[in-house]
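# Breakdown of the fold
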Amino acid sequence: MSLSLGWFAPLLVAPLAPYSGEASDAAVAAPLVAPAAAAPAASPATSPAGIGGAPRWGTAAEPAPRLAIVVSKVMTVAENDAVVDNAVILVKDGRIEKVGRQSEVAIPEGYQVIDGKGLWAVPGFVDCHDHVGGGLSDLNDGVYLSNPGLDSLHTIDPENENVRNALAGGVTTVLVIPGSGNNMSGFGTIIKTWGRSIDDVVVRSPGSLKIAQSGNPERYWYGIGRSFMNWNTRDTLLRAKKYHSAWKAFEEGRGAKPEYSPYFHGFRGLIDKKFPVTVHTQIYQVVAETIQMLHDELGLWTVLDHSEFDACELGAETAKRDMFVIVGPRSIHYDRRDRRIAGLCAEWLRTGNGKQKLGVNTDAPVLPQENLPLQATYAVRFGLPRERGLPALSRVPAQALGIFDRVGSLEAGKDADIALWTGDPVDPSSACLFTVVNGRIAYDSKTMGRRY
Amino acid sequence: MVLSSLLAASLLAATTALGDSAAVRGGTILQPDGTRIEKGIVVIEDGKVTAVGGPETPIPAAATVLEADGKVVFPGMILAHTQVGLDIPNENMPIAPFVNVYDSIEPNSAEYEECLRTGITTVHAIQGNNTVIGGLSRIIRPQGDMVEYMTVRPDYALKISITPRNGFNRMTQLAELRRAFADLKAHVDAVAERRYEEEQKKKEEKVLVLPDEAAKQGLAHVTIDDLDARWRTLWRASKGEIPLFVHCDRAMDVSNGIAWLREAKLLEKAVFVVGTEAHKAAGALKQAGRPVILSGALVHKETDPLTGKESEVFVPKVFADAGLPFVLQPNGFAFNADGLLWYQAARCVREGVARDVALKSVTQWAADAIGMGDTLGSIAPGKWGNVAILSGDPLDQATVVEKLLLEGRLAYDRATDRRLKELATGQELAAPSAEAAPTAAPAAPAAPAAPATEPPAAPPAGGGSGSGK
Amino acid sequence: MRTLTRKLSVALLLALAAGPVPVAFAARTTAPDAGDRYVAIRCGKLITGTGEEKSDVTLLIKNGKVELIGEKVELPFPCEVIDASKMVVMPGHVHAHSRLSLLDYQRQGMRADVKVADEFLPGPGAFDAALAAGFTTLQLVAPGASGIPGRCMVVRTADVGDGYVIDDEGAIKANLVNVAQDRRMLSEAIGGAKREIEKVEKARAEFEAKKKAAEEQKKKEEEAKKQQGQAPQGGAPGAPSGGPPNAPPNAPPNAPPSGPKAGDPPKPEEAKPEAKKEETFQPPPIAPQLQPFVDLVQKKPGSSLFVKLGGATTYLHWLEVAKEHEVAHVLYPEVSRAFNWPQAFSGVPGTDLHWVADKVGENKELVVLAPWLSYIQGSIDLVNVPAKFTAAGARVALTPPSDAADVLGAYRFQVAELVKNGMKRADAIAAMTKHAAEAAGVGAELGTLEPGKRANFIVLTADPFDAQASLERVVVEGKVAWTRAPKSRS
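Residues numbered from 1 in each chain as written. Chains lettered and ligands numbered in written order. Predicted model: local features only at pLDDT ≥ 70, side-chain atom pairs only at ≥ 80, totals over all residues. Heavy atoms only, no water.

Time to look at the overall build of chain C. Counting its regular elements, chain C contains 11 helices and 21 strands. For chain C, the residues scored as buried account for 50% of the 490 residues in total. Intrachain contacts of chain C at a sequence separation of at least 6 include 71% that bridge at least 24 residues. Carbon and sulfur atoms make up 53% of the accessible area of chain C, which totals about 22,600 Å². (Helix = DSSP H or I, 4+ residues; strand = E, 2+ residues; numbered from the N terminus. Buried < 20%, exposed > 50% of the residue type's maximum accessible area, 1.4 Å probe, protein only. Contact = heavy atoms within 4.5 Å. Areas by Shrake-Rupley, 256 points an atom, 1.4 Å probe, with all protein chains shown as cover.)

Below, the structure written as structure tokens:
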């Protein structure tokens, strides 16, 4: 966990002062979006009404503006962890067109310039474990231990206040999953945190299958043992697999058309590895079971969520299988064997999960959705090397969910999900001031008021 | 290696390979039958004992030698029926032949540490005394990061309880048991009938028979995959493919159990798990000729309803006097006196049971009860190298396990047992250095050293990685 | 302490179990008094509890008390002989914290006036489990988890002729677990006792002053009489000599004595004798709850406080209490037990007592502990608290944590585990014998096998710390109270 000064240095000098350099009162009053005329090397473009003007939430119906975001530093959080100083990000049609140094990238005509001098641009963060994208009353049906056929898509509420708070914390993509009161509570949905309709926000549906193996389902009925819970989950998935192979055989002309099942049809994508199973799993026995049952036996694309308590001793096993481990909401574990407080991320790393596969989650509303970056702060506070903090918030969860081709880093061609921060988001004194989702300004602390 | 010992805060990962071969030299080799070899040598190669003898026994040049001068070398003890290390075992779903203790084993349980610390090298994990049909068990080593590394025999036995579960009576219990088998038969018949029809469809000349006949003829075509997952284990059990651990708390349950087993033609597959009162059925059990595992409570107390006179019976003595082999298990686990397996055996000697009988009841007979009598239970060529190096006689109060070999690998060493450091030194130990730890290489999982009689569960599949797209 | 002496009944000789056989043995040197009852035990090994372990000695008991111990003892006649020459004899176990046979009435508040002896009604076989585990003496502790629930008592586990009670006014049980509440109550109890004593002292001082004044007055009167010379005899009405001696000098003549108040109905019968007694001091009544504490503060022999403590912190609070008021006490701290290995979700009861081992040792405390290993708080590392305390210099009494038959039966094993894990054997023996008896407040009478002490002992087939040792016989005050019966059915 060496902390290279090279990494740290920009943080030390990163100004916490207003980015515009003006007096703070003026800074609050002045919209972040600079008058187009003032933009360097750019001619004024039509300034869409509302943006940078009235404090209101944009709508997807409005055409995506072309933006030139000028910042002091871009943390691309790409695979090569590239950092671009004095950079400009060009955004067009909701996607990132280009990321480069201001000296090298000319801002074309018609681009609205966002003056983020002094700020850092980082990718919008990705939360793999969220319950607030929909109505909280829709969390869980809780009828059976496993409930195939339920889908959180139908609970998505883009106008949700929690989602707006997420924007204020620089969180732009969340996996909305049903609750963990039973073993299998339905499919999750990956959404953006900005948009007006369900169609606007959905990135992928189903985003994942939610399975909960520990913590809450034990309370089902009058208490149910591990062996039955796991048998039941396995049995459901085996039925789904059987269903899928029957359909596959039919589609490949090898068999009769099977009867459609509303319960199992959704599983076809899971078994084809089009989306993962995200598992609420914690404590050693249960995570070991997750690995051996869902990953080894059933061959599913398995992502560990929660990953808490002594489960962090299984790092060698997850590394062997190249699995993603997403940690949270607990950040620490009191290790009775060694009598110390162990940072969970650091422990996973120590025991072998060292292949850049560690992410963090909030389990919002357990932790407020906008506090996702603080999860990385905590992980670093308790021993995760600092350079892994930002990836744990963006790249790793995006990769874990298989959406890294769209989100999780600032690279040309990706969704323009960009957050401007006063400094390193892993530093708790940094704040998010400006958030772009799908190339649209979704949060501007100047015009909308600073939420957080 | 300092780093690895720091990392091995968990004893589960602490197995140290001694190389392909190991030898224990200079100790008194004590066998369960009471025979001793002074200054003996045990040679273990590839996890199996290859030689046992006096000081003249040749030691292979490559072998790692463990000196045991003044120590006692004793076979690893066996928990033949236990819930040690299970996380929320199923004790409430009554008809659960399909569940598997595999899904409940907690490899990180400190109870497995305690097994090693007290000289136990083999654990038969089984649940379901409080059910009717309690699911499949597994024989494991008490060490390993994942269940598959721990596994000695997967899906070994099925638990059946003749004693009524809490809140039910014996009539219900037996009725539910019979009904489960009847339901199984109905299911298999239905599948067989369907299979018969399927087979008929393939033929040019179709023969129509009555359903009963179709089921009978179709049975030959039924494979286990045709059955509903819930019935597969019970089907195998009904055909006598799986040992049955039959829980009979009282003597009357023994009678009921034997009757039912005869009826189901499964007596030959039975192992009886009995309570203290069942000593009254020692004769019937002897006649049945199947292994008997005693409950942890060894004393049966009874009050004469007429005279109010209390009487106590030391149960193992009854079985010993009847010439019936029995297996001991601890009462609870660890910390209590009778939570320790060796102590249970020592109690037997105290109460007049012959010493060799007491020793066998925690080793050889326990191995027999779990069908591994040829593999475990004593130190003999061909058997597995599960050997404890003790500071003294196994039944002596002051004796401690100094080292434990699990299939020829050093699985426990008292000298490095962190849990006992404060007791040994009077100094609380500081936690391992947090700085040193992350740089250490991950401990390799304790892969089985010896060729298991049955291979462990399939190795992790390479596919299904979550690398995204 | 009121000790009930025990008289031996010769008839009870018949009650002896089949084991000891009366024999005429050797020459007798002294003619025993008629009615003296002698029992001799030939011990293969004798653990006296005083720190000595002797081989091949004879323990001679006279009338239920140890007479002498020697290698070659000339036995008196008649004398019963118990042959334990292949066995081990040690003092009977003392359970310093038992509730056997008590009603589980959990009293709260300040109830030092309650004596468990007043509720002592043992049913038949009440102490059988204790007896069968080798316990000969129990301190029955007043139930109640907070405050001061009452006074303990000490009993023998077998009625060998004079009932069970050894001491019916034992230590005062006090809790110091819930510090906020218990400490205040304890301080107030001791403080209250001190105030009561002050009250009495003040009353005494007043009494003395009055008496003195009255005497002076009398003297003056006499002098005046002398001066008056021929004064009329009998005294005229209004003469001061008619007043009571302790009446104030200027009290009106024939005023009532200070006892009954002026408004009280007249008691002519009592008035006279009272008036006569007025020479002696009548202390004002002391609140019954406080009387035991008054005894305690005044260091009356045998009075003691049995203090139940929580963890280390409560001991520090006790030290604060003890700093203010120095009283005889025995400490009984809660040692949480390592009873199973924790799973990830479950909490671990840990102890922190070892942190105060040095202080406990420094103060030479007498501490009653349960014989088990504990987890160090917040970990699953084991710690041997009794060993730490003894090593630090405290006097530790080991006592079973409950009265369940299996817990009592496992007592020697649990102590043996402590010895296996670092406690010195001698310390462990002392903790089972001498110190356990001291903790029950009966150390002067029993606990060890020394001349003059009650002959409570057990006979074991092997060393007490041998797992294969079985209990053969329990002797309470010279009489066999329990003999091992064959366990198997015939």
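With that settled, consider the overall build of chain A. Counting its secondary structure elements, chain A contains 13 helices and 17 strands. With 452 residues in all, chain A has 63% of them scored as buried. Partitioning the intrachain contacts of chain A with sequence separation of at least 6 by distance along the chain shows that 68% fall at a separation of at least 24. Summed over its atoms, the accessible surface of chain A is roughly 15,600 Å², and 55% of this surface lies on carbon and sulfur atoms.

Here we come to a nonpolar patch on the surface. Together, I332(A), Y334(A), I341(A) and Y378(A) line one region of the surface with nonpolar side chains, adding up to about 380 Å² of accessible area. Tracing the backbone through its elements, the reader meets Y334(A) in strand β12 (residues 332–335). (Patch = residues over 30% accessible without salt bridge, like charges linked within 9 Å, V, L, I, M, F, W, Y side chains within 5 Å. Salt bridge = Lys/Arg side-chain N within 4 Å of Asp/Glu carboxyl O.)

Glancing now at unusual backbone geometry. In this model, G328(A) is joined to P329(A) through a cis peptide bond whose omega is 0°. Positionally, P329(A) belongs in the loop between β11 (324–327) and β12. Residue A364(A) is joined to P365(A) through a cis peptide bond whose omega torsion reads 15°. Relative to the assigned elements, P365(A) resides in the loop between β14 (358–360) and α10 (372–381). Positioned with a positive phi, D363(A) is a non-glycine residue whose angle comes to about 60°. Of note in this structure, K299(C) is not a glycine but carries a positive phi near 55°. You can see K299(C) is positioned in the loop between α4 (291–297) and β12 (305–309).

With respect to the helices and strands, the residue N361(A) is situated in the loop between β14 and α10. Excluding residues within four positions of it along the chain, N361(A) makes contact with D127(A), C128(A), H129(A), D305(A), H306(A), I326(A), V327(A), G328(A), P329(A), L372(A) and Q375(A).

Here we come to the packing of helix α9 (residues 411–420) of chain C against helix α10 (residues 425–432) of chain C. Residues and elements named next belong to chain C. It is the contact of α9 with α10, at a shortest axis distance of 9 Å, that shows an interaxial angle of 150°. In terms of their interaxial angle, α9 and α10 are classed as roughly antiparallel. Read as a crossing pair, α9 and α10 show a hand that is right-handed. Counting all contacts with α9, which are made through Y411, R412, V415 and V419, the residues of α10 involved are R425, A428 and M432. (Axes fitted to C-alpha atoms, helices over the stretch in contact; angles between N-to-C directions. Parallel < 35°, antiparallel > 145°, perpendicular 65-115°, else oblique. Left-handed = near helix turned anticlockwise from the far one by under 90°.)

Now for the domain arrangement of chain A. Residues and elements named next belong to chain A. Split by domain assignment, chain A resolves into domain 1 (5–123 + 411–448) and domain 2 (126–401). Contact with domain 1, which involves 32 residues of that partner, is made by 25 residues of domain 2. Summed over both partners, the interface of domain 1 with domain 2 buries about 2,500 Å², with 64% contributed by carbon and sulfur atoms. Inspection of the domain 1/domain 2 interface yields 4 salt bridges. With a shortest N-O distance of 2.9 Å, R395 and D81 are connected by a salt bridge. Linking domain 1 to domain 2 there are 10 residue pairs in polar contact (both at pLDDT 80 or more). Of all the secondary-structure elements, those providing two or more residues to the side of domain 1 that touches domain 2 are α1 (5–13), β4 (112–123), β15 (418–421), β16 (432–437) and β17 (440–444). Here the residues of the side of domain 1 that touches domain 2 sort into 21 nonpolar, 4 polar and 7 charged. (Domains from an automatic or database assignment. Buried area = accessible area lost by both parts, 1.4 Å probe. Polar contact = N/O pair within 3.5 Å; in protein donor to acceptor, adjacent residues only side chain to side chain. Nonpolar A, V, L, I, M, F, W, Y, C, P; charged D, E, K, R; others polar.)

Scanning all chains against the criterion turns up 23 aromatic pairs over all chains. With a centroid separation of 5.9 Å and 55° between ring planes, the pair formed by F264(A) and F267(A) is classed as tilted. Looking at F264(A), the relative accessible area reads 16%, which means it is buried. Residue F267(A) is classed as buried on the basis of its relative accessible area of 1%. Here the aromatic rings of Y343(B) and F413(C) are separated by 4.3 Å at their centres, their planes lie at 55°, and the arrangement is tilted. Of this pair, Y343(B) sits in helix α10 (residues 341–350) while F413(C) is found in helix α9, placing the two residues in two different chains. The same class applies to Y343(B) as to F413(C), namely buried. Grouping aromatic residues by their ring pairs yields a cluster made of F187(A), Y243(A), W247(A), F250(A), F264(A), F267(A) and F275(A). (Phe/Tyr/Trp six-rings, centres within 6.5 Å; stacked < 30°, edge-to-face > 60°.)

By definition, a disulfide links the sulfur atoms of two cysteines through a covalent bond. Residues and elements named next belong to chain A. Across all of its chains, the model carries 0 disulfides over all chains by this definition. In this structure C128 is not part of a disulfide, and its nearest cysteine sulfur, from C345, lies 12 Å away. Residue class for C128 comes out buried when judged on its relative accessible area of 0%. (Disulfide = S-S within 2.5 Å.)

Looking now at the sheet that holds strand β17 (residues 382–383) of chain C. Overall, mixed pairing links the 3 strands, which are arranged β14-β16-β17 (chain C) in an open sheet. Edge positions in the open sheet fall to β14 (350–351) and β17 of chain C, since each of these has one partner strand only. (Pairing = 2+ DSSP bridges.)

Residue and element names in this part refer to chain B. Here helix α2 (residues 110–117) lies mainly inside the structure; 8 of its 8 residues are buried. Along α2, the positions that sit buried rather than exposed are A110, E111, Y112, E113, E114, C115, L116 and R117. Residues of α2 that are buried make contact with β6 (77–82), β7 (120–125), β9 (138–140), α3 (147–150), β18 (401–406) and β19 (409–413). At the N-terminal boundary of α2, the capping side chain belongs to S109, with an oxygen 3.0 Å from the backbone nitrogen of E111. Backbone geometry just downstream of α2 places G119 in the positive-phi region, at approximately 85°.

Applying the stated criterion across every chain yields a total of 88 salt bridges over all chains. We note a salt bridge from R95(A) to D415(A), for which the minimum N-O separation is 3.5 Å. In this pair, R95(A) sits in strand β3 (residues 95–101) while D415(A) sits in the loop between α12 (395–401) and β15, placing the two residues 320 residues apart along the sequence. Of the residues examined, R95(A) reaches a relative accessible area of 40% and is grouped as partly exposed. Here E438(C) ties to R395(C) by a salt bridge, and the two come within 2.8 Å at their closest N and O atoms. Here E438(C) is found in helix α11 (residues 434–439), whereas its partner R395(C) is found in strand β18 (residues 395–398), with 43 residues between them in sequence. On the accessibility criterion, E438(C) (23% relative accessible area) is partly exposed. Under the relative-accessibility criterion, R395(C) is labelled partly exposed at 32%. Residues joined in a network through salt bridges with shared partners are E113(B), E114(B), R117(B), D417(B), R418(B), R419(B) and D381(C).

Attention shifts here to the confidence of the model for chain C. Residues and elements named next belong to chain C. Summarising the model, chain C shows a mean pLDDT of 84, and 80% of its residues fall at 70 or more. Confidence drops under a pLDDT of 50 for residues 1–29, and excluding neighbours within four residues, the segment shows 62 contacts in the predicted structure. The ipTM assigned to the predicted complex is 0.85, against a pTM of 0.84. (pLDDT = per-residue confidence, 0-100.)

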